[in-house]
Amino acid sequence: MRLWLAVLLVGGLLFFAGARDTLDRWINETELPPLLAETSVEVLDRKGALLRAYTVEDGLWRMSAAVDDVDPTYLAMLVAYEDARFWQHQGVDFKAFMRAAWQALTQQRVVSGGSTLTMQVARLIEDSGTGAWAGKLRQIRVALALEKRLSKTEILQLYLTHAPFGGNLEGIRAATLSWFGKEPHRLTPAESALLVALPQSPNARRPDRHPEAAQAARDRVLYVAEKKGVLTEDDVQAAHITPIAQTRRPFPVLAPHMADRARQQDPLAQRHHVTLDLTLQKSLETLAAQAVQRLGRRLSVAMIVADHESGEILASVGSAGFGDGDGRQGFIDMTQAKRSPGSTLKPLVYGLSFDQGLVHPESLISDRPVHFGRYAPQNFDGQFRGDVRVREALALSLNIPVVLLTDEIGPANLMVAMRRAGLRPEVPGGAAGLAVALGGVGVSLEELVSLYAMFPQGGEASDLTWKYPKKTYEKQRIISRSAAWHLGDILSEIAPPVGAARSGLAYKTGTSYGHRDTWALGFDGRHVAGVWIGRPDGTPVPGAFGAEVAAPVLFELFQRLKPELDPLSPPPPETLIVSHGQLPEPLKKFKGRQAVFEPASESLELAFPPQGARLSQGEEGVVVKVRNAAFPLTFLANGQPVLTNMRRSEVRLPMDGKGQATVTVIDATGRSDQVTFWVD
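Here's a quick rundown of the structure. (Residues numbered from 1 in each chain as written. Predicted model: local features only at pLDDT ≥ 70, side-chain atom pairs only at ≥ 80, totals over all residues. Heavy atoms only, no water.)

## What to know about the pattern of salt bridges
Thinking step 1. Going through the model one piece at a time under the given rule, you end up with 32 salt bridges.
Thinking step 2. Here E585 makes a salt bridge to K588, at a shortest N to O gap of 3.5 Å. One end of the pair, E585, and the other, K588, are both in helix α20 (residues 585-588), 3 residues apart, so they sit about a helical turn from each other.
Thinking step 3. For E585, a relative accessible area of 59% puts it in the exposed group. (Salt bridge = Lys/Arg side-chain N within 4 Å of Asp/Glu carboxyl O. Helix = DSSP H or I, 4+ residues; strand = E, 2+ residues; numbered from the N terminus. Buried < 20%, exposed > 50% of the residue type's maximum accessible area, 1.4 Å probe, protein only.)

As C-alpha cells, then:
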C-alpha cells in the first residue's frame, strides 16, 4: 500500500512537473505583438511644454507617457478599481476569475470581470476581442508571457499608452490634454475617476456625447476608491459635485511652421525640443492674427524674437494663420522666405563705413542728385536735403548717402560682410550692384534678425538657434565695438511710430520696391526682434510703409515681451564721441569717388535751397543763399530775371504762385549755378 502511494505521489509530481514545463514552454513560445507602438511626434518648448503634436496612423492621438509622469492617485485608483492584485499576480488572477465565474453562475449575469490589467494590455496591443473564449485564452497566454518578459512598471506603461479614452484618443496623455487641457502629472480625484472609468466603454461614456453615462461611471469609481481607502470621504464628496468636462479641447498647434521644420530636419525623432517659449509664442500668434485683421485682405505677417546674448529664438511666427481659407497663404513660412529687405541693410553699410574711416556719425554727407552710369538713386519722398549729418541720414533713411558709401565700400565687400554675418543673400542676376544697399537682394526675416542681433553684441555675429542641443560656434566680428555702439545710439533716437511711447528701442524700418514688403527690426540690451508684413505672393500693397505698418507691431511685440526695455550697453572706451567741429578734418565731410563730379570749393554755388527741396513761400518770398560769388549777382526765376546788381550772398526772391521753380544765379565773372525745387 505504501508502495502504491509512493508511486502515485511520484507520478503526480512528475505529471505536475511535466505540466509546469509544458506550460512554461507554451508561455515562452508565445509570439508577442509589437510592443513599441507608434506614438505621436511631439514638439516641446524650452520648458518641456507641448507646442504641437501629430497624429499617428488612422488619425489617432496616441502619446507616450511614463509611469513617473502620471498622478499617483490616478494610478492607485486604477489598480484598486481594475486589478487590486496587480502587483502580486503573474498576469492572471485566478482568484478573481473564480469569483467572477461564481457570481455569474449564481446571479445569472456578469457582476464583475476577471480580466487583469495585464490581460487588458494583451487585448489592447493585439486589438483582440473580449468575449470569445479563443480571444480570452489568447489574452491569458499573452498576459503570462508579458509578465515573464516585462516588469510591472513596463506593463503599466503599456496600458497608459494604449488605453482608449473615447473617439480617437489613446493613452493617458492624449486623454488629459484633450479632456482637461493639461498633462497627467497633477489630476483631481474627479478627473482621475473619469479617466479610470472611460476605457471600459470609451465611446458609450464619452463625456462630450454622453455626460450622464460618464458621470455615473465616474461616481462608481469614486465609490470603490473610497471603499478601498484610496480616497477620503471628503475627497469623494468634493469630486461628486465637480462637473464633468463635456468639451474636447483641441491639441495645441503652436509654432506650426517651426514644428514642421523640426520634423523635416530630424524625421526619426519622437520628441523635438526647441528654444521657443510657449507663453510668448501664443501671445505673438494672437498679435499676428490681430494685426492682419486691422491691415486688410490677403496680408500676412511674420515675427521672430530672440535672446541675442544666448542666440536662442524665443518665438517664431511664420504667418498670421496656418491655413489658407482666408487667402493669406498661411502655410508659407514667411520667416524663411527670401524677400527684398528695403532699407533694413543700411545700418550695416554705415557700420562698415565707420570702421573704414569714411565717416563718423557727426560727419556731413551730401544728399543731392547723383548718377552712377544710368543708375540714379532717389530718396523715397523724392526730395533732396543737401549736406546732412550721417546720423541724420541714417535716422531719416536717406537713400543717396548710403549709396555713396556703398560705392566707396564696394557692393561685393558688402555682400561678403552679409555672408560673414550669417546671411545667405540672393542677388537677382547674380551680380551685386549699388542697389543692394537699398534692398536689391533677397534675404529672410530670420537672417535679418540674426544681423540685427550683431549690433547689441558689439559687432560680433550671433548664430541664432531654435533647437536643443545648441551647437557651439566661433563668433565672427563683422564690425567694431564702437561702430556697433554708434549704430545702436542712432537707431535708439529714432522717433517711435504714432501712438507708441518713446522707450529707447533701437529700431529700423524698411519698405521694398513697389511696397511689396514692409519691415521693422529692433533691439534692446537683451532681445532682438523682427516683423515682416506683406503678401506672400509678392503682389504690391499700395501705400504700405514699414514705419506705418510694421513698426507699430514691433513696438507692441516688445510690450508683450516685457514691461520695460533692457538698457543698451555703454560705449566702449575706444569710441570717438565728439561734435562735428571737433572731428579731424578728413572726417568733417564725406567726399568719396563722386567728389570729382562736385563743384570745386571756389566755384559759384547755390547753397540753399537744396536740389528738389519743398519750401513754403513767405510774404517776402523764398530765401536763396549763394557761396563763392563774385558780386554783383543776377538771379533768374524760371528763366526770367527777378533781381539784378545784388551784392549780398543771401536774398529773398519773389515767386509767382506755387509749384516747381528753377532758380539760376550768375555772378560778375559769368559763372552760374542752378537748382530746381518746389514751392508749396
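## As for the sheet that holds strand β12 (residues 527-534)
Thinking step 1. Overall, antiparallel pairing links the 5 strands, which are arranged β7-β6-β12-β11-β10 in an open sheet. If you trace the sheet from one side to the other, it starts and ends with β7 (312-317) and β10 (506-511), each paired once. Between one strand and the next, the sheet's axes are offset by a mean angle of 10°, whatever the strand orientation.
Thinking step 2. Sheet topology note: the strand β6 (residues 300-307)/β12 ladder contains 8 bridges and is antiparallel. Paired with D307 across the two strands is H527, which belongs to β12. (Pairing = 2+ DSSP bridges. Axes fitted to C-alpha atoms, helices over the stretch in contact; angles between N-to-C directions.)

## Overview of a negative patch on the surface
Thinking step 1. Where like charges cluster on the molecular surface, the negative patch consists of E226, E233, D234 and D235.
Thinking step 2. If one sorts the elements of the negative patch by residue count, helix α10 (residues 233-240) sits on top with 3 residues.
Thinking step 3. Inspection of the secondary structure puts E226 in helix α9 (residues 211-227). (Patch = residues over 30% accessible without salt bridge, like charges linked within 9 Å, V, L, I, M, F, W, Y side chains within 5 Å. Areas by Shrake-Rupley, 256 points an atom, 1.4 Å probe, with all protein chains shown as cover. Lys, Arg positive; Asp, Glu negative; His and termini not counted. Charge placed at Lys NZ, Arg CZ, Asp CG, Glu CD.)

## Thoughts on empty space enclosed by the protein
Left-over empty space is what a probe sized like a water molecule reveals as it rolls over the atoms.
Thinking step 1. For the coordinates displayed, the defined rule picks out 3 cavities of 30 Å³ or more.
Thinking step 2. By volume, the largest cavity amounts to about 40 Å³.
Thinking step 3. Lining the largest cavity are S492, I494, P496, A501, R502, S503, G504, L505, Y507 and F555.
Thinking step 4. Here the residues of the lining of the largest cavity sort into 6 nonpolar, 3 polar and 1 charged. (1 Å grid on protein atoms, 1.4 Å probe; cavity = no way out; pocket = protein on both sides within 12 Å on 5 of 7 lines; lining within 4 Å. Points joined across faces, edges and corners; volume = space filled by probe spheres on them. Nonpolar A, V, L, I, M, F, W, Y, C, P; charged D, E, K, R; others polar.)

## Some details on the packing of aromatic side chains
Aromatic ring pairs are described here by two measures, namely the spacing of the ring centres and the angle between the planes.
Thinking step 1. Counted under the stated rule, the structure contains 6 aromatic pairs.
Thinking step 2. Ring centres of F380 and F545 lie 5.4 Å apart, and the angle between their planes is 70°; on these two criteria the pair is classed as edge-to-face. Taken together, the residues span a long stretch of sequence, with F380 in the loop between β8 (364-367) and β9 (386-389) and F545 in the loop between β12 and α19 (546-561) at a distance of 165 residues.
Thinking step 3. One aromatic cluster is present, formed by Y452, F455 and F523 through successive ring pairs. (Phe/Tyr/Trp six-rings, centres within 6.5 Å; stacked < 30°, edge-to-face > 60°.)

## Quick word on the nonpolar core
Thinking step 1. M303, M418 and L451 are the most contacted members of the largest nonpolar core, which has 110 residues in total.
Thinking step 2. Once residues within four sequence positions are removed from consideration, M303 is found in contact with L284, L287, A288, A315, S316, V317, T335, L445, G530, V531, V553 and L557.
Thinking step 3. Of all hydrophobic cores here, the second largest spans 54 residues; its members include A65, V70, A175 and W179. (Core = buried A, V, L, I, M, F, W, Y, C linked by side-chain atoms within 4.5 Å. Contact = heavy atoms within 4.5 Å.)

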